[in-house]
Amino acid sequence: MDQLLYPLRGALLGLAALTHVSANPIAPAASNGAQRLVEAYPAFLERVDGNDVVWRDGTRMPFEVGRTPASYVERLDHADLADQMSVPYPSLAPITPPAWNVDPGRMRFEPLFEKMYGASSGEVQRNLVGVAWFGQTLLFSKVNGADRALALVAADVAKQPELLAFVRPSAGTFVWRTIAGSSRRSTHAYGIAIDVNTRVSDYWRWSGAKEGARGLTYRNRVPLALVRIFERHGFVWGGRWYHYDTMHFEYRPELAAPHAN
Ligand SMILES: [Zn+2]
């Protein structure tokens, strides 16, 4: 729904300006997205004020930055908070191949993550703690309780031994890097992402396709039972993206909470 409304937002803004119908400069669907952000990150975010998300320290970040509609890849490279919240994430739903360029959660407003988790490798690392993971100790951010969420995932997976082959060994968590083939920072850089066992995983880039191109063939071997465990604890899964990355889970409570959409 939010996704359908996205192209209309500019028109709605224009209408509001012309007719003075509303003191609130953003459409209702957009303000819902802003409110979901505030609810997901209560340690940092305090409230929504018009088009601004207001931090507890007084910082204001505009939810929507007015600009000309861009291509999908340009939006990925320059996403605002409205873009970040624009594609509903189908938490707990059956696994189906996502439609062209439907990548819920893949668009992110980088300054939000830098301010919460750290803007440099050193800043992020100061927030990392060890989480036990089936014989490994994984470094994960303690910010927003991401480490506790990962520990709860491990506890739930341990109750279903048939899932162990998919999560063990983890291919990694924290690494200060950009996403392969792009200049965008990976959520691995913030210590909030985990890759599970690559031997039973699939990644769109392995097909040699170009980002944003039509006709990707969706592949996945990760079971829904595992995906749902992660989602219940606030993670989104790369297997729900058109640009699928089925080993990849990241802590994104603003999208993963079943009530979020
Ligand atoms: Zn990953």
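This text follows the structure it describes.
Residues numbered from 1 in each chain as written. Predicted model: local features only at pLDDT ≥ 70, side-chain atom pairs only at ≥ 80, totals over all residues. Heavy atoms only, no water.

**Quick notes on the overall build of the protein chain**
Inference 1: Counting secondary structure elements, the protein chain contains 10 helices and eight strands.
Inference 2: Pairs at least 24 apart in sequence give 63% of the contacts found in the protein chain among residues at least 6 apart. (Helix = DSSP H or I, 4+ residues; strand = E, 2+ residues; numbered from the N terminus. Contact = heavy atoms within 4.5 Å.)

**Quick notes on the coordination of the zinc ion**
Inference 1: Around the zinc ion, the protein contributes the donor atoms His188 (NE2), Asp195 (OD) and His248 (ND1), which lie 2.0 to 2.1 Å from the metal centre.
Inference 2: Mapped onto the sequence, the donors of the zinc ion take the spacing H-x6-D-x52-H. You can see Asp195 sitting in strand E6 (residues 193-195) and its partner His248 sitting in strand E8 (residues 248-251), a full 53 residues away along the chain. Pair check on accessibility: Asp195 and His248 agree, each one buried. (Donors = N, O, S within 2.8 Å, 3.2 Å for Na, K, Ca; no water. Buried < 20%, exposed > 50% of the residue type's maximum accessible area, 1.4 Å probe, protein only.)

**Remarks on the side chain of His243**
Inference 1: Take His243: it is sitting in the loop between strand E7 (235-237) and E8.
Inference 2: On the basis of relative accessibility, which here comes to 1%, the residue His243 falls in the buried class.
Inference 3: Only 3.3 Å separates the side chain of His243 from the side chain of Arg106, close enough to count as a polar contact.
Inference 4: Among the polar contacts made by the side chain of His243, one reaches the main-chain amide nitrogen of Gly212 at a distance of 3.0 Å.
Inference 5: The residues contacting His243, other than those within four sequence positions of it, are Tyr72, Asn101, Asp103, Arg106, Trp204, Glu211, Gly212, Leu216 and Gly238. (Polar contact = N/O pair within 3.5 Å; in protein donor to acceptor, adjacent residues only side chain to side chain.)

**Looking at the nonpolar core**
Inference 1: Leu112, Tyr117, Trp133, Leu150, Ile194, Phe230 and Phe235 are the most contacted members of the largest nonpolar core, which has 53 residues in total.
Inference 2: Mapping this core onto the domain boundaries places at least three of its residues in each of domain 1 (2-84) and domain 2 (110-256).
Inference 3: Residues Tyr72, Leu76, Ala79 and Val87 belong to the second largest nonpolar core, which totals six residues. (Core = buried A, V, L, I, M, F, W, Y, C linked by side-chain atoms within 4.5 Å. Domains from an automatic or database assignment.)

**A short note on the layout of surface pockets**
Inference 1: Put simply, the largest pocket is a space of about 320 Å³.
Inference 2: Taken together, 20 residues make up the lining of the largest pocket; nearest its centre are Ile179, Ser186, Tyr203, Asp245 and His248.
Inference 3: Partitioned by chemical class, the residues of the lining of the largest pocket number seven nonpolar, six polar and seven charged. (1 Å grid on protein atoms, 1.4 Å probe; cavity = no way out; pocket = protein on both sides within 12 Å on 5 of 7 lines; lining within 4 Å. Points joined across faces, edges and corners; volume = space filled by probe spheres on them. Nonpolar A, V, L, I, M, F, W, Y, C, P; charged D, E, K, R; others polar.)

**A closer look at the packing of helix H7 (residues 146-158) against helix H9 (residues 224-232)**
Inference 1: The interhelical angle for the contact between H7 and H9, taken along N-to-C directions, is 145°, at an axis separation of 9 Å. Regarding H7 and H9, the two cross each other, and that crossing is right-handed. Across the interface between the two elements, Leu150, Val153, Asp156 and Val157 from H7 touch Leu226, Ile229 and Phe230 from H9. (Axes fitted to C-alpha atoms, helices over the stretch in contact; angles between N-to-C directions. Left-handed = near helix turned anticlockwise from the far one by under 90°.)

**Here we look at the sheet that holds E7**
Strand pairing in a sheet relies on backbone hydrogen bonds, with the paired strands running either antiparallel or parallel.
Inference 1: Pairing is antiparallel in the open sheet, where three strands are placed in the order E6-E8-E7. Both outer strands of the open sheet, E6 and E7, are each paired with one neighbouring strand and no more. Adjacent strand axes in the sheet meet at a mean angle of 20°, parallel and antiparallel pairs treated alike.
Inference 2: Summarising the sheet, E6 and E8 pair through three bridges and their orientation is antiparallel. Directly across from Asp195, in E8, lies its bridge partner His248.
Inference 3: Sheet strands in contact with H9 are E6, E7 and E8, and its direction is about 145° off that of E7. (Pairing = 2+ DSSP bridges.)

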